[in-house]
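A structural walkthrough
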Amino acid sequence: MALIKPETKRLVSVIMKLLPVALRYRSDRREIKRAEGRLVNPEKYARHAKRAVASFLELGPAFIKLGQLLSVRPDVLPQPYINEFSKLQDEVPPADFMEVKPTIEQELGRPISEIFESFDPNAVTGASLGQVYRARYAGQDVVVKVNRPNIRERVSIDTKVLKRLVPLVGRFIDSSLLFSVGSVVDQFNETVQDEMNYKMEAHNLLAIKKNLKSEKSIIVPDLIPSLSTERVIVLQYVDGIKISDINGLDAAGVDKKKLARRVARVYFRMLLSQEIFHADPHPGNISVMPDGKVILYDYGMVGELDDETRLNLVRFYTALVDTNAQRIVEVMLELGLLQPTANRYVIQRGVELALADMQGKKVEESEVKALMEVANRTIYQFPFKLPKNLVLYLRMLSILEGVCLALDPDFRFIRILGRLLEDEGLVEQAYSAELREQIKRLVKSIDSAIDLAPMLKNYIELRQNRELNGDYGIPGKRRSGSFISGALVGAGIVGVGSSLLLYGSSASKVALAVSAIMFLIGLTLQRSRS
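One structure accompanies this document, and this report is about it.

Analysis parameters
Residues numbered from 1 in each chain as written. Predicted model: local features only at pLDDT ≥ 70, side-chain atom pairs only at ≥ 80, totals over all residues. Heavy atoms only, no water. Patch = residues over 30% accessible without salt bridge, like charges linked within 9 Å, V, L, I, M, F, W, Y side chains within 5 Å. Areas by Shrake-Rupley, 256 points an atom, 1.4 Å probe, with all protein chains shown as cover. Salt bridge = Lys/Arg side-chain N within 4 Å of Asp/Glu carboxyl O. Lys, Arg positive; Asp, Glu negative; His and termini not counted. Charge placed at Lys NZ, Arg CZ, Asp CG, Glu CD. Helix = DSSP H or I, 4+ residues; strand = E, 2+ residues; numbered from the N terminus. Buried < 20%, exposed > 50% of the residue type's maximum accessible area, 1.4 Å probe, protein only. Pairing = 2+ DSSP bridges. Contact = heavy atoms within 4.5 Å. Axes fitted to C-alpha atoms, helices over the stretch in contact; angles between N-to-C directions. Phe/Tyr/Trp six-rings, centres within 6.5 Å; stacked < 30°, edge-to-face > 60°.

The next point concerns a positive patch on the surface. A cluster of basic residues, Lys258, Arg261, Arg415 and Arg419, forms a positive patch at the surface. For the positive patch, the secondary-structure elements that each account for two or more residues are helix H11 (256-273) and helix H18 (413-423).

Structure, rendered in structure tokens:
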């Protein structure tokens, strides 16, 4: 029996490797925080981020996956770190075939030579959690994906190590990071367990294949169910040009601009109208046929969004492009990105400053990056957090935008999204959601006015009683209640009318609410005197 548990030994080695990274990150974070989110020394932060990525690579598969999730966490990493972690590729030299062969034969119950007509022992690709081989089965070319040797045991140990590190992050770096870092570790555990379970991947593939059956330009490979288990999955082999192979696409005569729009539309369709979406669209998982059809591989990482979240995300993007800080803050609250008790005015001012600093250029060039930068500028001043259900969404959009911009430098997500919303009949739904939010806020304001009116009425009656008991000779005081109520009703009517004529701007909406409140208070006071 070992005197030291494996996870304890691993914890010590991880701490030794990450301690210099943590010290640099803490210093950078504090410097940026003191500057209220401004990047005082971006070159230094970028150098530190590159060293951090190198350390994560050395720590192995689990930390590569963790780094990929961190690349879309503006509530944890400053923008220079996000830029570097987003480059973290899930490519690891494959293990020797003789280490993998026993897993395949144990899972499928027979020797490889009895199952496959041929089997190439040279791996096509090696990823952090699995590796892929070419083979031939029942007269067709197939790919065989298998868990890396001992990967489940290694991930299990690293998950325990990460959970023990979370409290240290709070004490050593910043206590405000506890929620976010804990959320990252939970998300990592859920995601990595799903990715290692090929029964789950088979389920995801079949669901997405069914959802996309009407998309004639999209190919989802067929599953070989009889050869698919928890650790091994066998799929139809569909060859194509890697979507990042620009020269290959040009040689095949593929229209890259149309291809970018086609890929974006299918991913947005999954987001807007289907229960799950393919969440890992990096170039290794997308290929293109010479006729322009798109092949999607690897269904281990998928995400889910409910209808309410989808609509709120549409509202957020619209507000971002319109540089409407008030609506951005409102939707951030609806999405759970801010604490309900947060000071909206202060946050809105911070978002306005961030948008002004960007001067609209970032939104035009890279819309997803703009979203991340607005969040990054505000987290150091306000109680920002990223709910787990949005992590895979942001990761998917960030990767997909990079793929589409490589195909077409003029590509813009917002244009594609606007047209797709119309095609799917969701524009009216999105506007209705915005209108419902405005009505809810107006009703809440009116309710507050109704609650306030009796108190104001009691106050004025108290003043009148005092005047009647002590100052009968001063008629102006006896008439003060009538004057106030009449003034409030009149101002309210004028304000409501003016606001409705100019309705559309944020100022007119606020004016309408205030005018309605004044009218109701005045009316209540008049009735109390009759």
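Side chains of Ile15, Leu19, Leu23, Leu168 and Phe172 sit close together on the surface and give an oily, nonpolar patch of about 360 Å² of accessible area. Elements with a contribution of two residues or more to the nonpolar patch: helix H1 (6-34) and helix H7 (151-172). A total of 3 residues in the nonpolar patch trace back to one element, the largest contributor, which is H1. For Leu19, the location among the structural elements is in helix H1.

Bringing unusual backbone geometry into the picture now. Non-glycine residue Asn150 carries a positive phi angle of around 60°. With respect to the element layout, Asn150 can be found in the loop between strand S4 (140-147) and H7. When its relative accessible area of 54% is taken as the criterion, Asn150 is described as exposed. The phi dihedral of Asp298 falls on the positive side, at around 65°, and the residue is not glycine. Relative to the assigned elements, Asp298 resides in the loop between strand S10 (294-296) and strand S11 (302-303).

Take the sheet that holds strand S5 (residues 218-219) next. Pairing within the open sheet is mixed, and its 4 strands lie in the order S5-S10-S9-S7. Edge positions in the sheet fall to S5 and strand S7 (241-242), since each has one partner strand and no second. As judged from the 3 bridges shared by strand S9 (residues 286-288) and S10, these two strands associate in the antiparallel manner. Across the sheet, the residue bridging to Ser287 is Ile295, located in S10. Where H11 meets the sheet, its contacts fall on S5, S9 and S10, and the angle it forms with S10 comes to roughly 45°.

So, on to the packing of aromatic side chains. Each aromatic ring pair is specified by the distance between its two centres and by the angle formed by the two planes. What the rule picks out here adds up to 8 aromatic pairs. The interplanar angle of 75° and the centroid separation of 5.8 Å between the aromatic rings of Tyr25 and Tyr81 together place this pair among those described as edge-to-face. Of the two residues, Tyr25 sits in helix H1 while Tyr81 sits in helix H4 (residues 79-85), which places them 56 residues apart along the sequence. The residues Tyr25 and Tyr81 share a single accessibility class, namely buried. Relative to Tyr133, the ring of Phe119 has its centre 5.7 Å away and its plane inclined at 35°; by these criteria the two rings are tilted. Of this pair, Phe119 sits in strand S1 (residues 118-119) while Tyr133 is found in strand S3 (residues 130-137), placing the two residues 14 residues apart along the sequence. For the pair shown, Phe119 and Tyr133 are each scored as buried. Aromatic rings pair up to connect Phe97, Phe116, Phe119, Tyr133 and Tyr137 into one cluster.

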